[in-house]
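For reference, the chains in residue letters:
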Amino acid sequence: MVNKLYQEELMEHFKYPKNKIKLDNPDFFSDIHNPSCGDSVSIQGMLKKDSQTGDLIISQLAFDGSGCVISQATASMLTQFCKNKTVKDILNLNKDDILKLIKIELGPTRLRCALLALQALQDALQKYVE
Amino acid sequence: MKVSNNKFEKLKQNFPIFKNNKDLIYLDNAATSQKPDIVIKNLVDFYEKQNSNIHRSIYDLGEVATDLYENARKTVANFINAKYEEIIFTSGTTEGINFVADSWGKDNVFPGDQILLTQVEHHANFLPWQRLVQEKTAELKFIKLDKNNFLLESYSQDNLDKLINSKTKLVAITLDSNVLGNIWPDNLLEKIIKKAHFVGAKVLLDAAQAVAHKKIDIEKLNPDFLVFSGHKMFGPTGIGVLYIKKDLHKNLRPYQLGGSMVYSVFFDKPAIYRDAPNKFEAGTQPIAQAIGLKSAIDFINQNIDFKELIKYESDLTTYLLNNLQLIPECQILGNQETLKRNGHLVTFYIKNIHAHDLSAFLNKKNISLRSGNHCAQPLFDLLKIESSLRVSFSFYNTQKDIDLFLEALKEAIIFFK
């Protein structure tokens with residue numbers, strides 16, 4: 001029962017995070033933390049224009065942070081998932097997309113951990129778009 | 001080491017939550033305690049048999065409800081050795097502190113004044129004072145943690161004289177910390193209260209974490225204000241107590257204005273308030289909850305001897321501490337010596353594993369305990385810790401609870417390593 005607590009993939013992302021690097025001169029960035037547990041995630045990324053559609057596309061995405069498995073592994077998975085997606089698509093992502101991505105059910109408290117990275121990413125892009 | 005108490009074990013049978021959740025291991029009593037059947041029954045009884053508003057109804061039902069409510073006040077007064085009219089019902093500890101900050105603070109704190117807290121205060125006994133001093137251009141001062149053992153010791157008379165001086169208007173401090181448990185070395189608290197009164201300052205004691213574990217005696221402690229919540233002492237949520245020393249009643253302005261607290265109201269001149277306690281209780285009060293709190297206190301009076309309780313809870317604490325010390329990754333906060341002597345909670349963290357992950361793992365084994373920063377962010381910044389786990393006991397916890405918890409914790413450490 002306990003082994004199903006976190007999927008193996010999630011644990012792998014926590015232990016060996018992807019895209020946990022620092023970008024020089026990122027196009028967009030954001031820092032965010034969860035006051036109830038102290039988890040923090042910062043997001044940085046680069047953008048490019050799609051030569052055919054003209055849409056803004058994420059060309060590079062990186063994160064940094066500290067906290068629980070859910071917050072950090074989700075950040076890692078999200079940075080992989082969002083690469084080469086359009087800004088518009090990412091601003092439309094929601095809670096359900098994240099739960100689909102990490103494949104676990106979460107209560108309301110832990111849901112906030114899972115949504116931290118998305119919130120940071122969307123905040124950063126929103127700031128950029130505005 | 002064998003820890004057991006037959007009487008307490010039997011008493012656990014009076015708590016329906018353990019019948020409805022067969023395998024529940026509840027180790028979060030510092031957050032809220034479970035409720036005995038008599039408290040639940042009396043709450044329901046009131047709504048089913050006597051429900052009506054108090055202090056204003058002429059009919060029989062209203063008179064009965066008023067009697068029940070005022071009887072609850074008497075019970076509380078006796079429980080903490082205070083006078084009847086010194087007991088003000090609130091929604092809880094938080095409201096009690098906000099009450100004092102708002103009503104006493106606004107009239108008595110001025111630019112340049114100081115309010116003294118400890119570094120371990122819960123947000124509830126920190127934020128109201130922080131806002132008050134900001135608004136008044138006054139200043140917060142802190143009784144500091146000792147860096148070796150987190151005890152508030154090494155305060156000589158010299159230090160005390162510097163800390164509490166003619167600028168000090170209020171000393172607002174907790175009896176037991178919700179993170180570190182016991183924080184006061186022998187006699188220091190008494191010295192601080194005496195010194196505060198000597199310089200003309202008032203003293204507010206936060207008894208939220210202490211009230212279910214030790215005897216609170218107003219006459220002995222001699223505070224000006226003392227606050228606690230019903231729900232941490234086997235009572236319902238939504239009810240708390242603010243003790244206000246009688247000498248202060250006359251000049252203390254009401255926290256809220258409204259029905260039942262006023263004697264005469266006019267269109268063209270200021271209202272005349274009633275005397276305490278009514279003066280400080282505006283609007284319809286949490287009647288059922290007050291009756292529930294009385295039942296909880298009756299339950300304590302009938303079943304729990306505080307000396308025996310301290311012995312049992314500190315034995316549980318000692319057993320837990322001894323075993324946590326054997327886990328190399330485990331870092332224990334607080335002063336272990338005093339926790340073993342008369343503690344009832346232990347806060348700790350496991351290096352490199354987030355407390356929320358541990359807590360989620362333990363949850364799968366029906367173990368409920370608190371994880372996070374326990375509403376004391378400044379303290380966690382000071383200790384340079386992000387988050388921690390807290391095991392907090394009541395008399396219905398057993399040695400077996402601790403064994404199951406330790407087993408699960410060790411499993412969790414392996415899982416996350």
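The rules we used
- Throughout this document, residue positions are counted from 1 along each chain, in the order its sequence is written.
- Ligands are numbered from 1 and chains lettered from A, in the order in which they are written.
- At least 70 in pLDDT is required for a residue's local features to be given in this predicted model, at least 80 for side-chain atom pairs to be given and counted, and no such filter applies to totals for whole chains, interfaces and linings, which use all residues.
- As a rule here, side-chain values come from all non-hydrogen atoms in the structure, and water together with hydrogens is ignored.
- Working rule for contacts: check all heavy atoms of both residues, and any pair within 4.5 Å makes them a contact.
- Throughout, the accessible surface (probe 1.4 Å) given up by two parts as they are put together, summed over both, is called the buried area.
- Salt bridge, as used here: a side-chain nitrogen of Lys or Arg that lies within 4 Å of a carboxyl oxygen of Asp or Glu.
- Two N or O atoms count as a polar contact when they lie within 3.5 Å, although within protein this holds only if one can serve as hydrogen donor and the other as acceptor, and sequence-adjacent residues are included solely when both atoms are side-chain atoms.
- Here a strand is any run of E in DSSP of at least two residues, a helix any run of H or I of at least four, and the numbering for each starts at the N terminus.
- Buried residues are those whose accessible area, probed at 1.4 Å on protein chains only, stays under 20% of the maximum for their type, while exposed residues exceed 50% and partly exposed ones sit between those limits.
- Whenever a helix is involved, its axis is fitted only over the stretch in contact; in every case the axis is a line through C-alpha atoms, and angles between N-to-C directions fall within 0 to 180 degrees.
- In these notes the angle categories are as follows: under 35 degrees is roughly parallel, over 145 is roughly antiparallel, 65 to 115 is roughly perpendicular, and the rest is oblique.
- Left-handed describes a crossing whose near helix is turned anticlockwise from the far helix through less than a right angle; right-handed describes the clockwise counterpart.
- Residue polarity is assigned by list, with Asp, Glu, Lys and Arg as charged and Ala, Val, Leu, Ile, Met, Phe, Trp, Tyr, Cys and Pro as nonpolar; anything else, Gly included, falls into the polar class.
- What makes a nonpolar core is a set of buried Ala, Val, Leu, Ile, Met, Phe, Trp, Tyr and Cys residues whose side-chain atoms join them at distances within 4.5 Å.

What about the interface of chain A and chain B?
Contact with chain A, which involves 18 residues of that partner, is made by 15 residues of chain B. Taking both sides of the interface into account, the surface hidden between chain A and chain B amounts to around 1,400 Å²; carbon and sulfur atoms contribute 60%. Summed over the shared surface of chain A and chain B, the result is one salt bridge. Applying the counting criterion to the chain A and chain B interface returns six residue pairs in polar contact (both at pLDDT 80 or more). Counting residues per element, the ones that place at least two in the side of chain A that touches chain B are helix H1 (8–15), helix H2 (69–82) and helix H5 (108–129) of chain A.

Side note on the pattern of salt bridges
All names here are of chain B. On inspection of all chains with the given rule, the structure shows 22 salt bridges over all chains. Two residues, Asp-113 and Lys-169, come together in a salt bridge whose shortest N-O distance is 3.0 Å. Placement of the pair is Asp-113 in the loop between helix H5 (93–108) and strand E3 (114–118) and Lys-169 in strand E5 (residues 168–174), with a sequence separation of 56 residues. What makes Asp-113 buried here is its relative accessible area of 9%. Put simply, Lys-195 and Asp-161 hold a salt bridge, and the shortest N to O gap is 2.7 Å.

Considering the side chain of B:His356
Mapped onto the elements, B:His356 comes out in helix H13 (residues 355–363). With relative accessibility at 7%, the residue B:His356 sits in the buried group. Every residue in contact with B:His356, bar those within four places of it in the chain, is listed here: A:Tyr6, A:Cys37, A:Cys68, A:Arg110, A:Cys113, B:Ser371 and B:Gly372.

Focus: unusual backbone geometry
Omega for the peptide link from B:Ala276 to B:Pro277 comes to 5 degrees, which places this bond in the cis form. Relative to the elements of secondary structure, B:Pro277 occurs in the loop between strand E10 (272–273) and helix H10 (287–303). Here A:Asn84, not a glycine, exhibits a phi torsion of approximately 70 degrees, which is positive. Along the polypeptide, A:Asn84 turns up in the loop between H2 and helix H3 (87–91). The backbone of B:Lys384 sits at a positive phi, close to 60 degrees, despite the residue not being glycine. Looking at the element boundaries, B:Lys384 is found in the loop between helix H14 (377–383) and strand E15 (388–392).

Observations regarding the packing of helix H11 (residues 306–324) of chain B against helix H15 (residues 399–416) of chain B
Residues and elements named next belong to chain B. One way to put it is that H11 packs onto H15 with a least axis distance of 10 Å and a crossing angle of 20 degrees. Between H11 and H15, the interaxial angle falls into the category roughly parallel. Like other packed secondary-structure pairs, H11 and H15 cross with a definite hand, here right-handed. Within the contact between the two elements, H11 uses Leu-316, Tyr-319, Leu-320, Asn-323 and Leu-324 and H15 uses Gln-399, Ile-402, Asp-403, Phe-405, Leu-406 and Leu-409. Class assignment of the residues belonging to the contact of H11 with H15 gives a composition of eight nonpolar, two polar and one charged.

A closer look at the nonpolar core
Judged by nonpolar contacts, the single largest core of 148 residues is most densely connected at A:Tyr6, B:Leu324, B:Phe348, B:Phe395, B:Phe405, B:Leu409 and B:Phe416. If sequence neighbours within four positions are ignored, B:Leu324 has contacts with B:Cys330, B:Ile332, B:Val346, B:Phe348, B:Phe405, B:Leu406 and B:Leu409. Formed by 27 residues, the second largest nonpolar core is a distinct cluster that contains B:Phe99, B:Val100, B:Leu117 and B:Ile244.

Some words on the packing of H2(A) against H5(A)
How two helices sit against one another is set out by the angle between their axes and by the gap between those axes. All names here are of chain A. It is at 8 Å that the axes of H2 and H5 come closest, and there the two elements cross at 40 degrees. Between H2 and H5 lies a crossing of right-handed hand. Where H2 abuts H5, its residues Ile-70, Ser-71, Thr-74, Ala-75, Leu-78 and Cys-82 lie against Arg-110, Cys-113, Ala-114, Leu-116, Ala-117, Leu-118 and Leu-121. Taken together, the residues that form the contact of H2 with H5 break down as ten nonpolar, two polar and one charged.

What about the environment of B:Ala376?
All names here are of chain B. One can find Ala-376 in the loop between strand E14 (370–372) and H14. With 255 residues separating them along the chain, Ala-376 and Glu-121 place their C-alpha atoms 6.6 Å apart. The contacts of Ala-376, once residues within four sequence positions are left out, are Glu-121, His-123 and Val-179.

Remember, this is a structural readout, not a statement about activity or role.
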